[in-house]
Amino acid sequence: MSNRQQSDRIQSVRTAWVNRLRAEVLRYGSKDLAGVARVGVWLASFADADGSNAFPSRETLATLSGGSKETVTRATAVLEAGGMLAKRRRPNQSAVYQLTMPAGPVDWASVLYLYTDNRQRRARAAAKAAEMEAVLASAGEAHPEGVRGRSPEGVPDGCSGRRPRTLSEDPEGVRG
């Protein structure tokens, strides 16, 4: 290909979008963003060259990306919140997506929670909170004054009851 032919080549919006998404993953360096990008690249493969009219079903994207339908939903939500994707709902049909290019770098830290916050993670967090509540409740029953407990003299367990001496109170302190 001659130099003239190379300079005449124009990159399609779809290709530019995929390149931008790849650059964002490399810039941010997150495994979660790479999962979002995997769904995004498959979604872009259904778009026209100008980045419009992508309407694959969630089932199709889930099969292609190796995830679940919920993962596809969360990934598209991240891309929408990051300004890389616009979605238009159609009654009784799959959504139509438009690939969009944000002007500056995307603040992925503020939107990636949409991808990482799933039902399983919320269920584990709720179970852990209930377990901690049970531990604290049982510790409170064993020690009526709280988790640490107190000795009969009213001094917290593990303490001598005297405050430590400071340098000015120490008779063996600094000598002049």
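Structure report, in brief. Fair warning: this is a prediction, and the values are worked out from it, not measured in the lab.

### Some points on the layout of surface pockets
When its volume is computed, the largest pocket comes out at roughly 150 Å³. Around the largest pocket, the lining residues are Pro 56, Ser 57, Arg 58, Thr 73, Thr 76, Lys 87, Arg 89, Gln 93, Ser 94, Ala 95 and Tyr 97.

### A few points about the packing of helix H2 (residues 13-28) against helix H3 (residues 31-44)
H3 packs onto H2 with a crossing angle of 175° between their chain directions and a minimal axis gap of 10 Å. Classified by the angle their axes make, H2 and H3 are roughly antiparallel. Here Arg 14, Trp 17, Val 18, Leu 21, Glu 24, Val 25 and Tyr 28 of H2 lie close against H3, whose contacting residues are Leu 33, Ala 34, Ala 37, Gly 40, Val 41 and Ala 44. Split by residue class, the contact of H2 with H3 holds 10 nonpolar, one polar and two charged.

### Thoughts on unusual backbone geometry
One non-glycine residue, Asn 53, lies in positive phi territory at about 60°. Non-glycine residue Asn 92 carries a positive phi angle of around 60°. With respect to the helices and strands, the residue Asn 92 is situated in the loop between strand S1 (85-88) and strand S2 (96-99). For Asn 92, a relative accessible area of 84% translates into the label exposed.

### Comments concerning the nonpolar core
Residues Val 36, Leu 79 and Trp 108 are the most contacted members of the largest nonpolar core, which totals 27 residues. If you list the elements that add at least two residues to this core, you get H2, H3, helix H4 (58-65), helix H5 (69-81) and S2. Ranked by the residues each element gives to this core, the list is headed by H3, at six residues. If near-sequence neighbours (up to four positions away) are discounted, Trp 108 is found in contact with Glu 24, Arg 27, Tyr 28, Leu 33, Val 78, Leu 79 and Met 84.

### Things to note about the packing of aromatic side chains
As enumerated under the stated definition, the model contains zero aromatic pairs in all. When the ring centre of Tyr 115 is taken as reference, the NZ or CZ atom of Arg 74 above it lies at 5.2 Å. The ring of Phe 55 has Arg 90 sitting right over it, with the charged end atom 4.9 Å from the ring centre.

### Focus: the packing of H3 against H4
For the pair H3 and H4, interaxial distance at closest approach is 9 Å and the crossing angle is 120°. Here H4 runs oblique to H3, going by the angle between their axes. Judged by the sense of rotation from one axis to the other, the crossing of H3 with H4 is right-handed. Between H3 and H4, the contacting residues are Arg 38, Val 39, Trp 42 and Leu 43 on the first element and Leu 61, Leu 64 and Ser 65 on the second. For the contact of H3 with H4, the class distribution of residues is five nonpolar, one polar and one charged.

### Here's the deal with the environment of Tyr 28
Position of Tyr 28 among the secondary structure elements: in helix H2. When its relative accessible area of 33% is taken as the criterion, Tyr 28 is described as partly exposed. With 79 residues separating them along the chain, Tyr 28 and Asp 107 place their C-alpha atoms 9.1 Å apart.

Quick notes on the rules
Residues numbered from 1 in each chain as written. Predicted model: local features only at pLDDT ≥ 70, side-chain atom pairs only at ≥ 80, totals over all residues. Heavy atoms only, no water. 1 Å grid on protein atoms, 1.4 Å probe; cavity = no way out; pocket = protein on both sides within 12 Å on 5 of 7 lines; lining within 4 Å. Points joined across faces, edges and corners; volume = space filled by probe spheres on them. Axes fitted to C-alpha atoms, helices over the stretch in contact; angles between N-to-C directions. Helix = DSSP H or I, 4+ residues; strand = E, 2+ residues; numbered from the N terminus. Parallel < 35°, antiparallel > 145°, perpendicular 65-115°, else oblique. Contact = heavy atoms within 4.5 Å. Nonpolar A, V, L, I, M, F, W, Y, C, P; charged D, E, K, R; others polar. Buried < 20%, exposed > 50% of the residue type's maximum accessible area, 1.4 Å probe, protein only. Core = buried A, V, L, I, M, F, W, Y, C linked by side-chain atoms within 4.5 Å. Phe/Tyr/Trp six-rings, centres within 6.5 Å; stacked < 30°, edge-to-face > 60°. Lys NZ or Arg CZ within 6 Å of the ring centre and 35° of its normal. Left-handed = near helix turned anticlockwise from the far one by under 90°.

This is a description of form; function is not addressed.
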